[in-house]
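The residues making up each chain are set out below.
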Amino acid sequence: MIQTLVATLMWALVASLLIFRRKRADRSITYASVTIAVAMTLNVDAIYLATDPLLGGTNVTTLIADGLLMTGIFFLGRGVMRADEYRPRFVRAAVGIPVLVISLLAITTTFMFIDRGATTTRFMIDFGAQPAAATYSIINFSYGALVIATMLLLAARQYRHSTGIQRLPAALLSLGSTFGVALCLAVIVMDIAHATGHLGVLRAVQPTYSPLSLLTFLFLCAGFTAQPAIRRGRHYARRRRTVGLSAEIEPLWERATRER
């Protein structure tokens, strides 16, 4: 259920970005939303069960979906970074291509060592006790935590340097990033607990996964939608003021011309 809801949110974000950001030169956020939407769609149980048998029935769809999700998070980080002039070296490194490539190679390598069995929609529940599976997930969510923490830093800075309604997108992105970091840390704790046999810890943390996932995507989608919507609204407001001033000035100009 949560996967279907998140996939729906992501496709709604894609639609809104295609409307509001179609003339923007930087397409990072659009690329990110499309990539993450595809990743979350592949994780919907019915689609997963229909897709994985076509790929051999050994849960390769999990690797594809996770790789797409990591790539989408990469584009999100790039988009947030390019919206601000504050780009220190550690920020550029965190959302750089080398870190993404190394992370993708790492999850692909560890995935090959997992005894994956037949197609299942409960991949980490079924196989998370294996050290290779735990390592796979930890690498995946460590990368997510790194990039999302960078987004949180940038969004918080944008909030401090903005005023009025302009603060809304930064506030929403800050909230979404905070929930995202919490989600990644919760998953890492669950991975370690599962692999080491501390099932009590696993059961204690597991209920946080669904609400944190939903809150992360909800606030991030709202933040990325609010940015172009507010920009478009301000553009229309300026144009209306310009038209109004022109209507007031034109009769005065004509009268001055006749008197001259």
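Residues numbered from 1 in each chain as written. Predicted model: local features only at pLDDT ≥ 70, side-chain atom pairs only at ≥ 80, totals over all residues. Heavy atoms only, no water.

Topic: the pattern of salt bridges
Part 1 of the reasoning: For the structure shown, the criterion picks out 1 salt bridge.
Part 2 of the reasoning: Ionic pairing is found between Arg122 and Asp126, a salt bridge with its closest N-O pair at 3.1 Å.
Part 3 of the reasoning: Residue Arg122 is classed as partly exposed on the basis of its relative accessible area, which comes to 44%.
Part 4 of the reasoning: The exposure class of Asp126 is partly exposed, given its relative accessible area of 35%. (Salt bridge = Lys/Arg side-chain N within 4 Å of Asp/Glu carboxyl O. Buried < 20%, exposed > 50% of the residue type's maximum accessible area, 1.4 Å probe, protein only.)

What to know about the confidence of the model for the protein chain
Part 1 of the reasoning: For the protein chain, per-residue confidence averages 85 on the pLDDT scale, and 84% of positions sit at 70 or higher.
Part 2 of the reasoning: Element-level mean pLDDT values for the protein chain span from 69 in helix H11 (residues 209–259) up to 96 in helix H6 (residues 97–112). (pLDDT = per-residue confidence, 0-100. Helix = DSSP H or I, 4+ residues; strand = E, 2+ residues; numbered from the N terminus.)

Digging into the side chain of Asp66
Part 1 of the reasoning: Summarising the element assignment, Asp66 is placed in helix H4 (residues 60–82).
Part 2 of the reasoning: Apart from residues lying up to four places away in sequence, Asp66 is in contact with Tyr136 and Asn140. (Contact = heavy atoms within 4.5 Å.)

A closer look at the packing of aromatic side chains
Part 1 of the reasoning: Scanning the model with the defined rule gives 7 aromatic pairs in all.
Part 2 of the reasoning: When the ring of Phe179 is compared with that of Phe219, the centres are 5.7 Å apart and the planes differ by 25°; the resulting orientation is stacked. Taken as a pair, Phe179 in helix H9 (residues 167–196) and Phe219 in helix H11 lie far apart in primary sequence, 40 residues in all.
Part 3 of the reasoning: For Phe179, a relative accessible area of 24% puts it in the partly exposed group.
Part 4 of the reasoning: Residue class for Phe219 comes out partly exposed when judged on its relative accessible area of 22%.
Part 5 of the reasoning: One aromatic cluster is present, formed by Phe111, Phe123, Phe127 and Tyr136 through successive ring pairs. (Phe/Tyr/Trp six-rings, centres within 6.5 Å; stacked < 30°, edge-to-face > 60°.)

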